[in-house]
Amino acid sequence: MRTFVARSKAYYPYDYELRFVEPSSGGLSGMMSPPIIKENPEALTNYAYNNFRAATLSEAYYYTQDNAEKEITAFLDLTRDYTITKSVTGTFKAGAKYRSKNRTNVNSRIYSPYYLGYWRAYEKLEDGSIVPKDFTGTYFEDFYRSYLENPNIGTISFNDFLDPSPNSKIILDDFNMNPLINRDKLREWYALNKNGINQAGTNPEYHNDPSSEANTYDITETVTSGYAMNTLKIGRAITVILGARIEHESHDYSNKYSPRQIGGFPIPVGSTRDTSSTYKETIVLPNLQLNIAVTDFMNVRLAAYRALARPDFNMRLLSYFAWRESTTGGDRILILGNPLLKTAKAWNFEINTSFYGNRIGLFSVSAFYKQIEDMYHMLNGISTVGDTLIHALGLNWSSPHRGNYDLYVPYNSPDNSKVWGFEVDHQINFTWLPGWLKNFVLSYNFSLVRSETSLIGSERDTIYVTDPLLGIPLPKYEVVVKSYKQRLENQPEFFGNISIGYDIGGFSGRLSLFHQSEYYRTYSPSGRSDRIVGAFTRLDLVLKQKITDNITVLCNINNLTNIKEENLLENREDGYKIPRSAERYGITVEAGVWLEL
């Protein structure tokens with residue numbers, strides 16, 4: 001029996017964000033009149049005036065987050081070999097596993113709408129007294145003097161956060177982030193103003209945003225499982241594996257919810273309360289595999305088994321947060337968790353054929369098909385009215401919003417999902433080639449995958465209603481819910497790897513290339529804002545030299561192609577894609593010495 005205990009904690013003690021706005025003023029600040037651009041949106045940066053003196057502080061946010069994890073895992077495995085005849089033997093295995101994982105997270109956010117004149121000239125001390133602020137000897141002494149000369153000036157410029165000769169940074173090899181803000185100035189601004197308040201002591205500079213508690217939780221997920229498996233070998237030609245695993249999951253969730261709508265201008269107002277929920281499910285996972293050695297150079301393997309995939313824990317929280325954005329005519333939003341969300345179960349069917357020989361090496365081709373029941377998805381901002389859609393998902397919540405609102409809620413697919421495709425794998429040593437060529441090795445594999453799932457979406461429909469005064473039918477537009485087929489999320493349709501190596505004496509080197517096609521990360525109900533993870537191709541090099549029987553020198557050079565990891569937004573209705581974010585991590589080199597004692 002083996003037992004493991006792991007524990008981790010993470011603190012985010014400082015996360016402060018300032019947002020500046022440069023007003024549009026013809027020929028001076030804001031944006032010039034750009035042409036219509038349908039691709040390469042980075043070209044828009046050339047039409048910005050970048051008048052940093054005109055840009056003023058608009059909003060400020062201070063975030064905190066503390067989270068911790070604790071996991072306990074225990075295993076028990078038993079094995080017994082047996083013999084029926086000389087040519088019929090087997091192995092019986094049985095075991096159990098226990099895993100319990102506790103996660104806690106506490107979030108907070110405070111907010112100041114500086115664009116509405118929320119900078120305060122006074123601060124509240126720890127003893128409760130209210131005194132004038134004093135910026136003497138700080139980076140913002142000039143700003144404070146200007147305010148004392150003219151109290152009607154309470155806005156601060158972006159220029160006040162820059163050095164006399166600001167630093168800059170090249171992003172993604174193409175974009176110059178210039179100028180860079182002085183971090184010390186940013187930190188000092190918060191330290192000087194975090195306790196700001198008006199002279200009467202009734203209106204602070206920073207206000208708590210209760211909606212941040214939507215991500216506060218304390219959960220414990222426990223999975224207990226047991227398995228039994230028998231491997232039967234009939235001569236050298238046939239191997240049969242038959243078994244089953246039973247898993248029981250029992251989860252406890254505690255989190256926050258808002259009993260009423262959170263909203264208000266300019267400061268969101270509302271309250272949160274504690275709530276809790278549980279989820280339990282028992283799943284049986286049978287497994288059958290048959291391997292047949294057809295000839296001395298060919299194997300055929302057949303497999304049928306059941307597997308599962310659990311949704312992310314925060315999908316099952318008993319969450320209920322309703323708010324309206326603090327702007328005139330702001331969107332109404334309702335975010336729900338789904339404590340009824342089921343675990344996805346998949347029947348998998350595979351057939352694999354392998355060929356091997358001194359010259360061809362090992363070549364395998366496989367075909368597979370998966371049928372997935374209760375696949376889970378996220379409904380990201382579907383426009384709806386009333387409670388019909390909420391109740392159709394089996395939830396008993398009621399919306400506090402009147403009229404249209406955007407609903408965010410996880411759900412299980414109404415129909416079975418499917419995944420199918422084939423895989424190819426080939427490994428070969430060129431030992432039969434002459435001279436130095438015999439030291440080359442080659443391996444490659446690739447997968448072609450297709451998938452289909454059922455999603456819930458929306459579309460705008462037109463109905464005609466007779467006007468009681470005019471007596472004629474007039475068009476009325478409404479959003480209706482629909483079910484439609486789409487590719488499965490987080491499923492690339494192609495990925496593959498090819499590696500070429502050379503081994504001689506104590507030296508070994510491998511140059512490998514990996515490619516992955518783009519795939520959908522999330523779908524939007526309207527089809528106008530789907531999220532896509534972009535395709536990439538990566539090249540890595542691994543070198544190893546054995547110096548002695550006990551000493552080996554290693555060197556790994558990763559990401560030789562300096563790939564760009566890109567996230568895109570796709571509008572399927574109008575047929576275009578635009579980039580949303582991109583990151584480059586550069587080339588990394590790892591070197592070391594392996595010592596065997």
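Conventions used here
Numbers given for residues are sequential positions, taken from 1 along each chain in its written order. Whole-chain, interface and lining totals are the exception, using all residues; otherwise, since this is a predicted model, local features are given only for residues with pLDDT of at least 70 and side-chain atom pairs are given and counted only at 80 or more. Just so you know, side-chain values use all the structure's heavy atoms and leave hydrogens and water out. Secondary structure counts use DSSP, requiring at least four H or I residues in a row for a helix and at least two E residues in a row for a strand, with both numbered from the N terminus. A contact between two residues is defined here by any heavy atoms of the two lying within 4.5 Å. By the criterion applied in these results, polar contacts are pairs of N or O atoms within 3.5 Å in which, for protein atoms, one can donate a hydrogen and the other can accept it, and in which residues neighboring in sequence qualify only through two side-chain atoms. Only when DSSP finds a minimum of two bridges between them are two strands counted as paired. Angles run from 0 to 180 degrees between N-to-C directions of axes, and those axes are lines fitted to C-alpha atoms, restricted for helices to the stretch in contact. What makes a salt bridge here is a side-chain nitrogen of Lys or Arg within 4 Å of a carboxyl oxygen of Asp or Glu, nothing more. Categorising residues by exposure relies on relative accessible area from a 1.4 Å probe, with only protein chains included: less than 20% of the type maximum marks a residue as buried, more than 50% marks it as exposed, and the intermediate range marks it as partly exposed. Every definition here rests on a 1 Å grid over the protein atoms only: cavities are sets of points where a 1.4 Å probe fits but cannot get out, pockets are open sets enclosed by protein on both sides within 12 Å along at least five of seven lines, and lining residues have some atom within 4 Å of a point. Grid points are joined across faces, edges and corners, and a volume is the space filled by probe spheres set on the points. Following the grouping adopted for this structure description, the nonpolar residues are Ala, Val, Leu, Ile, Met, Phe, Trp, Tyr, Cys and Pro, the charged ones are Asp, Glu, Lys and Arg, and the polar ones are all others, Gly among them. The arc under discussion is defined with respect to the helix axis, by the directions toward the C-beta atoms.

Colleague: Explain the environment of Asn562 to me, please; I cannot follow it from the model alone.
Modeller: Along the chain, Asn562 turns up in the loop between strand S28 (551-558) and strand S29 (564-571). A sequence separation of 24 residues divides Asn562 from Gly586, and the C-alpha atoms of the two residues are 5.0 Å apart. Apart from the residues within four sequence positions on either side, Asn562 is in contact with Asp173, Arg584, Tyr585 and Gly586. Here Gly586 takes part through its backbone nitrogen, which lies 3.1 Å from a polar atom of the side chain of Asn562.

Colleague: Explanation requested: the sheet that holds strand S19 (residues 405-412) in the structure shown.
Modeller: Strand-to-strand pairing in sheets goes through backbone hydrogen bonds, with the strands running parallel or antiparallel. Strand order in the open sheet formed by 4 strands is S14-S15-S19-S18, and the pairing between neighbours is mixed. Each of the sheet's edge strands pairs with one partner strand only, and the pair in question is strand S14 (320-324) and strand S18 (376-384). Sheet twist, expressed as the mean angle between neighbouring strand axes with direction ignored, is 15°. Examined bridge by bridge, strand S15 (residues 332-336) and S19 share 3 bridges and lie parallel to one another. Looking at S19, one finds that Leu334 is bridged to Leu407.

Colleague: Would you take a moment to explain the pattern of salt bridges for this structure?
Modeller: Inspection of the entire model under this criterion finds 28 salt bridges. Between Arg301 and Glu350 there is a salt bridge, with its nearest N and O atoms 3.1 Å apart. Taken together, the positions of Arg301 in strand S13 (residues 298-309) and Glu350 in strand S16 (residues 344-357) put the pair 49 residues apart, joining distant regions of the chain. When its relative accessible area of 24% is taken as the criterion, Arg301 is described as partly exposed. Counted as one network, the salt bridges with shared partners bring together Glu69, Glu71, Lys101, Arg103 and Glu221.

Colleague: It is not clear to me how empty space enclosed by the protein should be interpreted in this structure. Could you clarify?
Modeller: The rolling of a water-molecule-sized probe over the atoms marks out the regions of remaining empty space. Taken as a whole and judged by the stated rule, the model has 2 cavities of 30 Å³ or more. In this model, the largest cavity occupies a volume close to 50 Å³. Counting residues per element, the ones that place at least two in the lining of the largest cavity are S18 and strand S21 (440-466). In terms of residue count, S18 provides more of the lining of the largest cavity than any other element does, 3 residues in total. Across the lining of the largest cavity, the residue classes tally to 8 nonpolar, 2 polar and 1 charged. Looking at the second largest cavity, its volume works out to about 40 Å³. In terms of lining, the second largest cavity is formed by Leu57, Tyr114, Trp119, Gly154, Thr155, Ile156 and Trp189. Looking at side-chain class alone, the lining of the second largest cavity contains 5 nonpolar, 2 polar and no charged residues.

Colleague: Just to check I follow, could you spell out helix H2 (residues 183-193) for this structure?
Modeller: In an α-helix, one turn spans 3.6 residues; hence positions three or four apart end up facing the same way. Listed in full, the buried residues belonging to H2 are Lys185, Leu186, Trp189, Tyr190, Leu192 and Asn193. Buried residues along H2 cover an arc of 165° about the axis, so they all sit on one side. For H2, the secondary structure elements touched by its buried residues are strand S1 (2-21), strand S2 (56-83), strand S3 (88-112), strand S4 (122-124), helix H1 (141-149) and strand S8 (196-197). Its side-chain oxygen 2.8 Å from the backbone nitrogen of Asp184, Asn182 forms the N-cap of H2.

Colleague: Before we go on, may I ask you to explain H1 in this structure?
Modeller: Glu141, Phe143, Tyr144 and Tyr147 are the residues of H1 that are buried. The buried residues of H1 occupy an angular sector of 160° when the element is viewed end-on, so they sit on one face. In H1, the exposed positions that point more than 90 degrees away from the buried face belong to Asp142 and Glu149. Those residues of H1 that are buried are in contact with H2.

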